[in-house]
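Residue-level structure breakdown
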Amino acid sequence: MENKNEQQVPEIMPEPIEEPKKSKKGQMAKGVACGIAGTIFVGFVALSVVTKVTGAKIYITNASGKTDSILDAKTVQKINELKAYTDMYYYDNVDDTELKDGLYEGMISGLGDKYSVYYNEEDYKQMQVSTTGQYYGIGAGLRQDPDTMVVSISKIYEGTPSDEAGLLADDVITSVDGTDATSMEVTELVKLIRGEEGTSVHLEVYRPSTGENLSFDVERKNVTLPSVSSQMLGDNIGYIHIDSFETETADQFEKAVAELDSEGMKALVLDVRYNGGGLVTAVVQILDDILPEGTVVYTEDKNGHRETYTSSGDTYMEYPLAVLINEDSASASEILAGAIKDYEYGTLIGTTTFGKGIVQTIFPLEDGDAVKLTTAKYFTPNGNYIHGVGIDPDIELEYEYLNPDGTEYDVKYDNQIQKAVEVLTEELSGK
């Protein structure tokens, strides 16, 4: 049974931010949502910051040299006064770069919006890793016990360097290149594990299953972390779980559907439980595959400008669909669930979603830093604004794992999946 207080971090993403914490229940944590879904992705709807005509990045500079109103003479004087006191009396050495970053962070935090964030150059690079799902590393999910700080492997991704090296799930990482793994937060430890392509990281590992202490030199490679998994549930019902909506997610989804179709799929269970969100472009592409022609979501900014995202209708699913949701389904997951519900194109099963109906845009700055700002509200096709409200399921059903004695998660004991199978079976039999 997994300790739901443990912090889980995929090696791909060193900094979990935003969206709801994943307080997973029982064996669900060991199965469908294990690995990256525990602290996964950060769940924001990110729009690429480009001009539509030129495709150029937007930079806003103070070319005129004029002082903005918040940096009037009194404010500048106060900042310099605080700096003088810090230099004279603070007990430790002062890093001016960190102080400047603190100023920028403080300005954005002054908005009172937890989704608006300032990134220094390093943080921005890590954030880009989390949205693309691509990075140079070893392809392992990590978790850390908050009390003991012990770091262990939550998941090994097939075909990645960690898999090829022989690392196993539940292996305890004791050191990384000589650094004690318990000496820092796991979000910092993964920065030591990742690095330049072709270089190696040395891991000292304790394997509880055999009691061995092992050493591994694992080569860092370009890894694309899968965000989609699939399988057949029997009776021609397919199952697809989406961990997050990243750059490659839509392509992975289309491949999963094609594979299930080749196996005779006649109905689909689509699982976005514990999915904190991701890229609007990814979820729109997936909805384009599912729905007939029409609007799937639209946004409005403070000036009333509306941006509409549509399904072309070129391809759409013609078989019964059930979508699993819960209180940790957020942002892009809610765009998907909201569109399915408004089109009456499937049955939503589970519990009410998180309720994040706002959009963030990431603006790169001239010096390599970036700022993410909440720039718009989004609405379901029928015009529903779900922020702070969420999306209710058609069939409300709390999660329960029906085999509490089992040590491994199995979909056949997941009551919400089984309810979806029951609903789809009835639909298929009624045809």
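Residues numbered from 1 in each chain as written. Predicted model: local features only at pLDDT ≥ 70, side-chain atom pairs only at ≥ 80, totals over all residues. Heavy atoms only, no water.

**Examining the overall build of the chain**
The criterion, for reference: Secondary structure follows DSSP: runs of H or I at least 4 residues long count as helices, runs of E at least 2 residues long count as strands, and numbering of each begins at the N terminus. Two residues form a contact once any of their heavy atoms are found within 4.5 Å. A 1.4 Å probe and the Shrake-Rupley method give the accessible areas. Residues count as covered only by the protein chains that appear here.
Within the chain, the secondary structure is distributed over 9 helices and 21 strands. Put simply, of all contacts in the chain between residues at least 6 apart along the chain, 71% involve residues at least 24 apart. Carbon and sulfur atoms provide 48% of the accessible area of the chain, an area that totals close to 20,600 Å².

**Side note on the sheet that holds strand E17 (residues 321-325)**
The line we're drawing: Strands pair, by our definition, only if DSSP identifies at least two bridges between them. Between N-to-C directions, angles cover 0 to 180 degrees, with each direction set by a line fitted to C-alpha atoms, over the stretch in contact for helices.
Ordered by their spatial adjacency, 6 strands build an open sheet running E12-E13-E14-E17-E18-E21, and the pairing between neighbours is mixed. The outermost strands of the open sheet, each flanked by one partner alone, are strand E12 (228-234) and strand E21 (395-396). Both strand E13 (residues 237-242) and strand E14 (residues 267-271) contribute to a ladder of 5 bridges, which runs parallel. In the sheet register, Gly-238 faces E14, and the bridge partner there is Leu-268. Here helix H8 (residues 332-342) sits on the sheet and contacts E14, E17 and strand E18 (347-350); the angle it forms with E17, its principal contact strand, is near 140 degrees.

**Remarks on the nonpolar core**
Quick reminder of the rule: Only buried residues count toward a nonpolar core, which is a set of Ala, Val, Leu, Ile, Met, Phe, Trp, Tyr and Cys residues joined through side-chain atoms within 4.5 Å. Whether a residue is buried, partly exposed or exposed follows from its accessible area with a 1.4 Å probe, protein chains only, as a fraction of its type maximum: under 20%, in between, or over 50%, in that order.
The biggest cluster of nonpolar side chains holds 42 residues, and the ones touching the most others in it are Ile-240 and Phe-253. Those elements giving two or more residues to this core turn out to be E13, helix H6 (249-262), E14, helix H7 (280-290), strand E15 (294-300), E17, H8 and strand E20 (370-379). At 7 residues, the largest contribution of residues to this core is made by H7. In this structure, Phe-253 is in contact with Val-228, Ile-240, Ile-242, Leu-270, Ile-286, Asp-289, Ile-290 and Met-317, ignoring residues within four places of it in sequence.

**Side note on the environment of Val-172**
Mapped onto the elements of the fold, Val-172 is located in strand E7 (residues 172-176). Linking Val-172 and Leu-142, residues 30 residues apart in sequence, is a C-alpha distance of 9.5 Å. Beyond its immediate chain neighbours, meaning those up to four positions away, Val-172 contacts Val-150, Val-151, Ser-152, Glu-204, Val-205, Tyr-206 and Pro-208.

**Topic: the pattern of salt bridges**
Applied cut-off: Basic side-chain nitrogens of Lys or Arg form a salt bridge, by our definition, when they fall within 4 Å of a carboxyl oxygen of Asp or Glu.
Inspection of the entire model under this criterion finds 11 salt bridges. With its nearest N and O atoms 3.9 Å apart, the salt bridge here joins Asp-177 to Arg-220. A residue pair is termed long-range when its members are at least 10 positions apart, and Asp-177 in the loop between E7 and strand E8 (179-180) and Arg-220 in the loop between strand E10 (212-219) and strand E11 (221-224) qualify at 43 residues. With relative accessibility at 44%, the residue Asp-177 sits in the partly exposed group. What makes Arg-220 buried here is its relative accessible area of 8%. Residue Arg-306 is joined to Glu-300 by a salt bridge in which the shortest nitrogen-to-oxygen separation is 2.9 Å. Owing to a relative accessible area of 45%, Arg-306 belongs among the partly exposed residues under this scheme. Through salt bridges that share partners, Lys-83, Asp-87 and Asp-96 make up one connected network.

**Quick notes on a nonpolar patch on the surface**
Inclusion rule: Exposure above 30% relative accessible area and the lack of any salt bridge qualify a residue for a patch; like charges then connect within 9 Å, and the nonpolar side chains Val, Leu, Ile, Met, Phe, Trp and Tyr within 5 Å.
Together, Ile-70, Leu-71, Val-76 and Met-107 make up an exposed nonpolar region whose accessible area comes to about 350 Å². Its place among the elements puts Leu-71 in the loop between strand E2 (46-47) and helix H1 (73-89).

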